[in-house]
Every structure is written in C-alpha cells, then in structure tokens.
Amino acid sequence: MRSLRWRLLAAVSVAVLLLWLLTAWFSYTKAQHEAEELMDGSLAQTGRLLLAITQHNDDDLGKLASRLATVRGAADNVYEPPLEFQLGLGDGTILARSIGAPDLPVLGVPGYSDILRKDGSWRVLNVVSGDGRHRVQVSQSIGLRDRAALEVAGQTVLPLAIITPVLLLLIYVSVVKALDPLNRLARDVAARSADNLAALSREHVPNEVGPLVAAINRLFLRVARALDYERRFTADAAHELRTPLAAIKVQTQVARLSRDRAQTARALGQIECGVDRATRLVEQLLRLARLDPLNVLPDPQPLDLLSLTEGTLANVLAANPALTQTVRHELPPGAPRVYGDADLLGIALRNLIDNALRYTPAGSSIVIRVEDEEGGRVCLCVRDDGPGVPDELIARLGERFVRGRDTLAEGSGLGLAIVSRIMQLHGGRFSARNLATGGFAACLCGLVRAEPV
C-alpha cells in the first residue's frame, strides 16, 4: 500500500463498507420491527372484528367458520400469512375454530403472548368482550411472521447493496481525478532536463499539495545555488590559478635552461613564491567553497574578543617573524563577549591583519580596537596608517577579486570576500572606511553581545 491512490481508495472504501454495514443492520432491524408491528396490528384488527361478529351471531358461528375458511390466505405467501382463530364463550366453551388453529384454551390472559408447541411457535392474541361473555383467540405462526419480516427487511437493504458498488466506482473515479494534479506535477518534474531548475508552477495545484510544491521549489533554489557556487568556484580557481601556474612554468623553464647559478637560484625562488601564492589562493578558494552553501552559523557560541584577538595576533606574529610593521591591540581586559564561531571570526580577523600588512609600507602601525555600535552591537576594527583606498573602490571591497590598494602587491582579492561572507553568517557586515586622520580601517561590524549592555 505504498501508492497514495490505493491507500485513499482502501481507506474510503473501508469507511463506506463499514457505514453500509451499519446502515444495513439498522435498516434491517428497524424494518423487521416495523413488519412485526404491522402483523401484530393485523392480529388485533382481526380479533376485534371477529369479536364483534361473535357477539351478534351466536347461532350462526359454525357457518361463519366455514365461510371464513374459503378466504384463507396461502400458507406460502409471506405477505398474506393465514390467521388462525378460535371463538368461544366466557366459560371456555369453544364455539368455532379455523382449520389450522392451535389447540389452545381460550381462557388465556387478554393480550399478546408467544407460545411454543409441538407444531411450532405461535403468536397469540386473546380478546375478551366488554361483558365477558365472549372470547376470541387469533394466532399466527411465528415462522411465517419471521419469513415476512425477513422479506420486508431484505427488500429494504437490497437497494443499499445495489448502490454500494456504484458508489465505490464513483469513489474510485473521484480519487483518480482528484490526484490528477499530482500526476501532472510528476510528469512536469520527469520531463525536465537536469539543468532546468526553474520553480514549479503553483497554478491549479490543490492547497494540500501546495507545501510539497513549495518545498520542491526551495530544493530547486538550493540546488541552483549549489551549482552556481560550484561554477563560480571553478571559474574563480581557473581564473586565478592561471597566472601563478604560468609564472611557475616560465620560471621552471628559466631554471632548467640557465647556466648561471645566481639566475637559477632566483628562478627557484620565484617558483617557491609562485607555489606559496597558489597554495594560499587554493586555501582561500576552499574556504569560500565551504562558506558559500551555509545560510546561518551551525552552532554560535559566546566567545571572548580579547582572547580571540590575542590568539590571532600571536599566530600572525609567529608566521611573520621579520615584520617591518608594528602590530598591536588596544582591547581592554573587560572586552565584550559576542556570539559567533571562534574559528571563522579568527579567519576573518587574520585576513584583515594580513591585508593591512600586505598593503602598508614598512614602519607602519596596525592597531586592533573594539568599537561600540547602536543597538548594543560591537565592531572589531583593524586600523592602519597606510595610504588608504580610493573612495570609488571602498563600496566594492568584499567582492571577489577586487583589490583596492596597490594592485602590484601580492594577493588575489579573495581575502575580503571571505571576511564579508563570514560576517553575513554572523548576521553582521564587513565595513571599510578611510580615516580622516589618514590611514584605513577595516571592521567586523554587527557582532551580537553575549551579555546585556
């Protein structure tokens, strides 16, 4: 029963059959009861009629019985079962009786009673005149009564039995027609090519199927974004790796053809630099590839900005022992705690510091500070006293392969793109500005405090 159509049909059919059985049982029992009531009424009517005749025809009752015998109903006709009777006096004397009447005393208690005898079960009605002088007893075979009641009840249930298969057929057709939108939706999806990720139309889609179509469209959107990320990553990698690989190839040819040891050493040094640049570029591209598919941080935790800054700064100084710039932080001991991912924010802060080191001249000063924002949020800024960035390029910083300062300096233009993506995941933003006193500030803004302001 994995088919929705057959599950619906089975559920509805079972419900219809149960309802049919309940209705049939109720109709049968009700019809049987009404048939018995009608036959009891017939007994009463016949008894009163015979009593009226007996009271004024005492001398002619023998002939009356013989005349009534000529109009007896057929024994096998369930709709006209024969009524047996006995006519008597108040002392129990029987004056006349029908041919098939059971041999019973007429002195029974007035009213209805069921009697079991050797010749079968009987429904008996005793009727007494007002003065008590005459008695009439009418009886009817319970077997014939039951057959009549069964016939009436059966005729009541028969239409239900005929209608039920028609109803089940109509239910089948209705379910098949009702599921046509699902079939059309399945055909639409099946007919699509692998690169067709356009949203499915919600026109003529039932409300119950709307959430499914919406979920499929969201899935298409996520797949389209994933494919776009992959295409962008491939294009970025191909675009940026072409230059260092070409340089490595040229320097390799120079080193192989050169007979001068110094020239060979310079070529090998250039090869090493090219490999380092390509390695750094690949690392950045891989970071972007991991960050692009994310919508939110998987598990943000409270973290201490002072510890994060000191740890990142220590790593930078250890990796660059021959720095010509001064790098320090001015975070107080009570620096705020913020929600975030320590690894990602560490990458973002290190990229800002590396960017400042790469584009500021020797002897420059680089300072890391915390600044408060409106709404209780926090900015972590890296400020330098370098040449700054042209105003027309500041708005584009954070885009991929956009480099705002000396384009001859080593770099790929991906560092700030990684920073911008990390800040999007933190619900913040990357902000950059030239300082009025000279220099440049690159900030991680919009960080949420982990404690009340």
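Residues numbered from 1 in each chain as written. Predicted model: local features only at pLDDT ≥ 70, side-chain atom pairs only at ≥ 80, totals over all residues. Heavy atoms only, no water.

A. Representation of the environment of L444 within the structure. When you line up the elements, L444 lands in strand β12 (residues 440-447). Using a relative accessible area of 1% as the deciding quantity, one classes L444 as buried. Considering only alpha carbons, one finds L444 and C381, 63 residues apart in sequence, at a separation of 6.2 Å. (Helix = DSSP H or I, 4+ residues; strand = E, 2+ residues; numbered from the N terminus. Buried < 20%, exposed > 50% of the residue type's maximum accessible area, 1.4 Å probe, protein only.)

B. How the structure looks around the sheet that holds strand β2 (residues 94-97). With antiparallel pairing, five strands are arranged side by side in an open sheet as β2-β1-β5-β4-β3. Whereas interior strands pair on both sides, the edge strands pair on one side only; in this sheet they are β2 and β3 (111-117). With strand direction ignored, the average angle separating the axes of adjacent strands in the sheet is 20 degrees. Of the strand pairs in this sheet, strand β4 (residues 120-128) and strand β5 (residues 134-141) are connected by seven bridges, and their pairing is antiparallel. Across the sheet, W122 pairs through a bridge with S141, a residue of β5. Helix α1 (residues 4-55) rests against β1 (84-89), β3, β4 and β5 of the sheet, and its axis sits at about 150 degrees to β5. The sheet strands contacting helix α3 (residues 142-178) are β3, β4 and β5, and the helix crosses β5 at an angle near 55 degrees. (Pairing = 2+ DSSP bridges. Axes fitted to C-alpha atoms, helices over the stretch in contact; angles between N-to-C directions. Contact = heavy atoms within 4.5 Å.)

C. Focus on the state of the cysteines. Evaluation of the coordinates by the stated rule reveals two disulfides. Paired through a disulfide, C379 and C445 show a sulfur-sulfur distance of 2.4 Å. Judged by the sign of its S-S torsion, about 120 degrees, the bond between C379 and C445 is right-handed. With a gap of 66 residues between them, C379 in strand β10 (residues 378-384) and C445 in strand β12 connect regions that are remote in the sequence. Taking relative accessible area as the criterion, C379 reaches 3% and is therefore assigned buried. Given a relative accessible area of 4%, C445 falls into the buried group. Disulfide partner of C381: C443, at an S-S distance of 2.1 Å. Residues C381 and C443 share a disulfide whose torsion about the S-S bond is about 110 degrees; that sign makes it right-handed. Taken together, the residues C381 in strand β10 and C443 in strand β12 connect sequence positions 62 residues apart. A residue is classified by how much of its surface remains accessible, and C381, at 0% relative accessible area, is buried. Its relative accessible area of 0% is what places C443 among the buried residues. Across the protein, the way the bonded cysteines pair up, counted in sequence order, is 1-4, 2-3. (Disulfide = S-S within 2.5 Å.)

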